[in-house]
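Listed below, chain by chain, are the residues.
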Amino acid sequence: MTLPKPSASETTTVGNLRSNLQGMPAVGTLEETRVRFFETGGAQTVLEARSSAVTGILEAAFDEHLKPSFAEGLAVLAVGGFGRGELFPYSDIDICLLVDNEKQAIDNKASISAFLQDLWDAGLRMSHSIRTIAECCQLHHQNVELNISLLDQRFLAGDLALYSRLQPKLDKFFESERAHLIRHLCRLARARHKQYHDTIYHLEPNIKESAGGLRDLHLLGWLGKLDAPGLSEMQWYGGVEEARWFLYQLRCFLHWRSGRDNNLLTFDAQEEISEQKFSEHRSAEMWMREYFRHARAIFGAATRALDASEAKNSSLLAGFREWRSRLSNSEFTVARDRVFFKAPKLMESDPELALRLFEFVARHGIRLSLDAERRIAESQDRLAAYFSASRPLWQPVRRILSLPHTAMGLRAMHETGVLRMVFPEWATIECCVIRDFYHRYTVDEHTLVTIENLQALAASAEPGHRRFATLLAELEDPALLNFALMFHDVGKGEESEAHSIESARMADAAMERIQVPERQRAMIRFLVEQHLSLSAAMTQRDLEDPATARMLAEKVGTLEALKYLTLLTYADISAVNPTALSPWRLEQLWRVYIITHHELTRELQTERIEVASDPTGEREGFLKGLPVRYLRTHTPQEIELHLQLEKRRRDAEIALDLRKVEGGFLLTVLAKDRLQLFASVAGALSSFGMNILKAEAFANQQGTILDTFVFADPNRTLELNPTEMDRLLLTLERVLLGRVLVKDLLRYRPKPSPPSKRSGVAPRVAFDNQVSETATLIEIVAEDRPGLLYDVAAVLSSAGCNIELVLVDTEAHRAMDVFYVSVQNRKLTEPLMSVLSSRLSEACRG
């Protein structure tokens, strides 16, 4: 890896100004510091070197331009990160020019401009303000960040007497406005945490702004300087100082790696930092576990500081907290909206008191107090020993998993370490990174989010989600579903290829240890083993094929199991990332539930399809030769639309219809059969940036082709620009009439870059002649790109294959497409599959 060097101006100036660095350590040039950092990983030397360099440049510029004009009446202050001495390789430089009065600054505007210009010319990215003492000690409602930056101010050069006059007034200002500033800090921090979904467990975190990042360290410092209550007693929690220097090292690396102020810890950066000499972990996964450990310590301290500050500075919730305090019982008391042990020493003789504490949290939705967390930490060894033995713990665990705030109770167990004491299997997924570039969170966070999403479902007002909420209300025992969710991915920590099987094995061991009855154990085991079955059917099977419904019904067995598995699938997909459960996937999941439910409940009868005679013969002529599947998958209204389109087609060769539907857009195409018709439509849609979700192709005995495409518009092009619908239809018509080549349309579509240079997807082509009674299933996994579906469809068409159905799914940059194809109404032969395998693999590579 070639790393950028510091600017020549900075390096040279440091050498020239070495004699002027008053009292600063001899740190050498910044280039020497950079080389030393990549040998040792020492961040402190980097911060000292950059601060020394910048201080020297600034003092020299001050002596040359400001000192002659300001014998007194001006002082230069370092503020923000510069004031804290936290200058990373490409950090901005924040200063405040403190003046005695505004007239002095106006009269010497040229000197100030020359001073600032010298700093810019030296390669420094400057941010400055010019303030009087009165302005520094005034609350700036529209720019409170200026007031906050002065918490970190320090004197650099100029009139020391002027600065001495500022300090006591500034202290008095902070004392008088403390409550306002604390409220502002808390509001900003809560909003920032919410932006990152109140979790540290992002797979590519922003180490400055994310929860548990450098901003939370700054928050702790600011609240401490404002004398925030309770902050000092939090320092025992989690080793914040160790975490501070870990993040400092990481930010130095990211800055030098990028050659700019970059704080995003990408997958590539994770791999590269794990390979550095100073790294204690030689795999990116293990290194990220270390990152999350430190981020968790910082986030925990910041959250507790926020709680304490808000409790002290808000009277609005006083009545509510008073009401909540009445929830206290003989074992726990509620004070300041937090749960405390009444007699924590009872845990020595009754370790299950800890489980009853989390049951209290899950019942009432009240967080643990810092004191309760400390008591659990102090009893950690005793609790771990107690829970390691096989005991009848199913009933207390079941109660936690059955209550309104189960997710909060489990989070509290997770954060205090009790969850892995009761279930050591959880240790394998704590901070576990699965680098599939699709999931947003670590495995443990994903698991907790599944349960949170399931609980949120009950209160959802969206019609598409309410259907699933009705299933949730019908469950006999929600604890079984929550237990299955807890264990559905624990096998991922064991790096097993079939993680569902490994997860079920680990769940079995846990259920044996806490003595779950066999009936409940069987349902949980089934849910964990089959937790991918419905999602696989959604994306890889023809839901209108009776064979799919029969396969799912046979696998599920009962209506009760179907409800559990449907809800588990809902929770699992929705927790992958905020957009994973798209309207299309939501509809597909409900469709899976409906067809399986129908198969499990229908009476055995001969399937008959009757087509009423049409006096004009048009309807009968159109339907003749179409597969039975057509009547099964289309409503009478849709069939009537197709008949109208067929009339138009006879006059214009091509008939198109485009309309908005649930989950996307529906395009219907009628045309005479021609080579690569399906592929051409797919390519034209791709050229407009559309994501095809599903496609079907039908042909009648008259040689009319009826193709339908359901697609998403990720950039909302059609929604925001209605005229684009007309342009899309015109382009499709020109393509189908042979007036425009699809390859020309796709030529200028940029190929998206994968999230990591090591994350390429090797093409995989698989054939299955068993899943359908009339067609061969071809499953293709490849690197997603514009025109991929067009290229694949073109290969199939050129081989004489009839494409009956296409199911399209994309996870991050990986396309997973399923084709149902036939040749002359028969499944593909082995020789043809062999030929297609190599041709399709080549097409996937582009």
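The structure reproduced in this document is the subject of the present report. All values reported here derive from a predicted model rather than from experimental measurement. (Residues numbered from 1 in each chain as written. Predicted model: local features only at pLDDT ≥ 70, side-chain atom pairs only at ≥ 80, totals over all residues. Heavy atoms only, no water.)

1. Concerning the overall build of the protein chain
Stated formally: Segments assigned H or I by DSSP are reported as helices when at least four residues long, segments assigned E as strands when at least two residues long, and all are numbered from the N terminus. Exposed residues in this analysis have more than 50% of their type's maximum accessible area, buried residues have under 20%, and partly exposed residues fall in between, with area computed by a 1.4 Å probe over protein chains only. Here a residue-residue contact requires only that any non-hydrogen atoms of the pair lie within 4.5 Å. Here the Shrake-Rupley method, with its probe set to 1.4 Å, supplies the accessible areas, and only the displayed protein chains count as covering residues.
Looking only at helices and strands, the protein chain features 39 helices and 14 strands. For the protein chain, the residues scored as buried account for 56% of the 846 residues in total. For the protein chain, the share of sequence-separated contacts (at least 6 apart) that also reach a separation of at least 24 residues comes to 71%. Of the roughly 37300 Å² that the protein chain leaves accessible, carbon and sulfur atoms contribute 49%.

2. A few points about the environment of Ala-699
Its place among the elements puts Ala-699 in strand β9 (residues 691-699). Placed 105 residues apart in sequence, Ala-699 and Glu-804 show a C-alpha to C-alpha distance of 9.1 Å. Setting aside residues no more than four positions away along its own chain, Ala-699 makes contact with Gly-625, Leu-626, Pro-627, Thr-704 and Ile-705.

3. Some thoughts on the sheet that holds strand β1 (residues 74-78)
Backbone-to-backbone hydrogen bonds join strands into a sheet, with any given pair of strands oriented parallel or antiparallel. Basically, it comes down to this: The rule for pairing is simple: two strands pair if DSSP sees at least two bridges between them. Helix axes use the C-alpha atoms of the stretch in contact, all axes being lines fitted to C-alpha atoms, and the angles between their N-to-C directions lie in the range 0 to 180 degrees.
Pairing within the open sheet is mixed, and its four strands lie in the order β3-β2-β1-β4. Each of the sheet's edge strands pairs with one partner strand only, and the pair in question is β3 (126-132) and β4 (154-158). Neighbouring strand axes in the sheet, compared pairwise and without regard to direction, differ in orientation by 30° on average. As defined by bridge partners, strand β2 (residues 93-99) adjoins β3 across seven bridges and the pair is classed as parallel. Note that in β3 the partner of Ile-93 across the bridge is Met-126. Packed onto the sheet, helix α6 (residues 109-121) meets β2 and β3 and runs at close to 165° relative to β2.

4. Points about the packing of aromatic side chains
Our working rule: Each Phe, Tyr or Trp ring, with Trp reduced to its six-membered ring, pairs with another whose centre is within 6.5 Å; inter-plane angles below 30 degrees give stacked pairs, above 60 give edge-to-face pairs, and intermediate values give tilted ones. A ring has a charge above it when a Lys NZ or an Arg CZ is no more than 6 Å from the ring centre and no more than 35 degrees off the ring normal.
Inspection of every chain in the model, using the stated rule, returns 26 aromatic pairs. Seen in terms of ring centroids, Phe-88 and Tyr-248 are 5.4 Å apart; in terms of plane orientation they differ by 70°. Their pairing is edge-to-face. You can see Phe-88 sitting in the loop between α4 (80-84) and β2 and its partner Tyr-248 sitting in helix α12 (residues 240-258), a full 160 residues away along the chain. Under the relative-accessibility criterion, Phe-88 is labelled buried at 0%. Between Phe-483 and Phe-487, the aromatic rings sit 4.9 Å apart at their centres with planes inclined by 15°, giving stacked as the arrangement. Placement of both Phe-483 and Phe-487 in helix α24 (residues 478-487) is noted, with a separation of four residues, approximately one turn of the helix. Phe-487 carries the same exposure label as Phe-483, and that label is buried. Between Arg-154 and the ring centre of Phe-82, over which it is positioned, the NZ or CZ distance is 5.2 Å. Lying over the aromatic face of Tyr-386, Arg-391 brings its terminal NZ or CZ to 3.7 Å of the ring centre.

5. With respect to empty space enclosed by the protein
Here is the rule we go by: Grid points spaced at 1 Å over the protein atoms alone were grouped into cavities, where a 1.4 Å probe fits but cannot get out, and pockets, open sets with protein on both sides within 12 Å along at least five of seven lines, with lining residues defined by an atom within 4 Å of a point. Grid points are joined across faces, edges and corners, and a volume is the space filled by probe spheres set on the points. Side-chain classes are defined by residue name, with Ala, Val, Leu, Ile, Met, Phe, Trp, Tyr, Cys and Pro counting as nonpolar, Asp, Glu, Lys and Arg as charged, and the others, Gly among them, as polar.
This model, assessed by the stated rule, comprises three cavities of 30 Å³ or more. There is about 60 Å³ of room inside the largest cavity. As for the largest cavity, its lining consists of Met-538, Thr-539, Trp-584, Arg-585, Gln-588, Leu-693, Leu-807, Val-808 and Asp-809. Sorting the residues of the lining of the largest cavity by element identifies α27 (533-540), α30 (583-601) and β13 (802-811) as the ones contributing at least two each. For the lining of the largest cavity, a count of residues per class yields five nonpolar, two polar and two charged.

6. Details of the nonpolar core
Worth spelling out the cut-off: By convention a nonpolar core is built from buried Ala, Val, Leu, Ile, Met, Phe, Trp, Tyr and Cys residues, the set being connected through side-chain atoms within 4.5 Å.
Ranked by internal contacts, the top residues of the largest apolar core, which has 94 residues, are Phe-423 and Phe-483. Non-local contacts of Phe-483, meaning those with residues more than four positions away in its chain, are made with Trp-394, Val-397, Leu-401, Phe-423, Met-511, Ile-514 and Ile-524. Counting residues in hydrophobic clusters, the runner-up holds 69 residues, among them Cys-96, Ala-211, Leu-254 and Ala-269.

7. Focus on the pairing of strand β5 (residues 332-335)
Of the two faces of β5, the one lined by Phe-332 and Val-334 is fully buried and the one lined by Thr-333 and Ala-335 carries no buried residue. Two elements, β5 and strand β6 (residues 338-341), share four bridges in a ladder whose sense is antiparallel. Bridged to Phe-332 within β6 is Phe-341. The antiparallel hairpin formed by β5 and β6 contains two residues in its connecting segment, where Arg-336 sits at a positive phi of about 50°.

8. Digging into unusual backbone geometry
In this structure, Asp-198 takes a positive phi of about 55° despite not being glycine. Note that Asp-198 resides in the loop between α10 (178-195) and α11 (214-225). A relative accessible area of 44% places Asp-198 in the partly exposed class. Positioned with a positive phi, Glu-653 is a non-glycine residue whose angle comes to about 70°. Checked against the element boundaries, Glu-653 lands in the loop between α33 (636-652) and β7 (654-661).

9. A word on the packing of helix α16 (residues 353-364) against helix α20 (residues 406-416)
Selection criterion: Angular relationships are summarised with four words: roughly parallel below 35 degrees, roughly antiparallel beyond 145, roughly perpendicular across 65 to 115, and oblique for the angles in between. Note: crossing handedness is left-handed where the near helix turns anticlockwise from the far helix by less than a right angle, and right-handed where it turns clockwise.
Between α16 and α20, whose axes approach to 7 Å, the crossing angle comes to 140°. Relative to α20, the element α16 lies oblique. Between α16 and α20 lies a crossing of right-handed hand. Seen from α16, the contacting residues are Leu-355, Phe-358, Val-361 and Ala-362; seen from α20, they are Thr-406, Met-408, Gly-409, Ala-412, Met-413 and Thr-416. The class makeup of the residues in the contact of α16 with α20 is seven nonpolar, three polar and no charged.

10. Description of helix α34 (residues 677-687)
With 11 of 11 residues buried, α34 lies mostly within the body of the structure. Taken together, the buried positions of α34 are occupied by Leu-677, Phe-678, Ala-679, Ser-680, Val-681, Ala-682, Gly-683, Ala-684, Leu-685, Ser-686 and Ser-687. Looking one or two residues beyond α34, the residue adopting positive phi is Gly-689, at roughly 85°.

11. Looking at the pattern of salt bridges
Where we set the bar: One side-chain nitrogen of Lys or Arg within 4 Å of one carboxyl oxygen of Asp or Glu is enough to make a salt bridge.
One pass over the structure, following the stated rule, counts 47 salt bridges. A salt bridge links Arg-215 to Glu-209, with the nearest nitrogen and oxygen atoms 3.5 Å apart. Judged by relative accessible area, Glu-209 falls into the partly exposed class, the value being 23%.

12. Describing the environment of Thr-45
Along the polypeptide, Thr-45 turns up in helix α3 (residues 43-66). Thr-45 sits in the partly exposed class, given a relative accessible area of 26%. Separated by 15 residues in sequence, Thr-45 and Leu-30 have C-alpha atoms that sit 9.9 Å apart. Setting aside residues no more than four positions away along its own chain, Thr-45 makes contact with Thr-33 and Arg-36.

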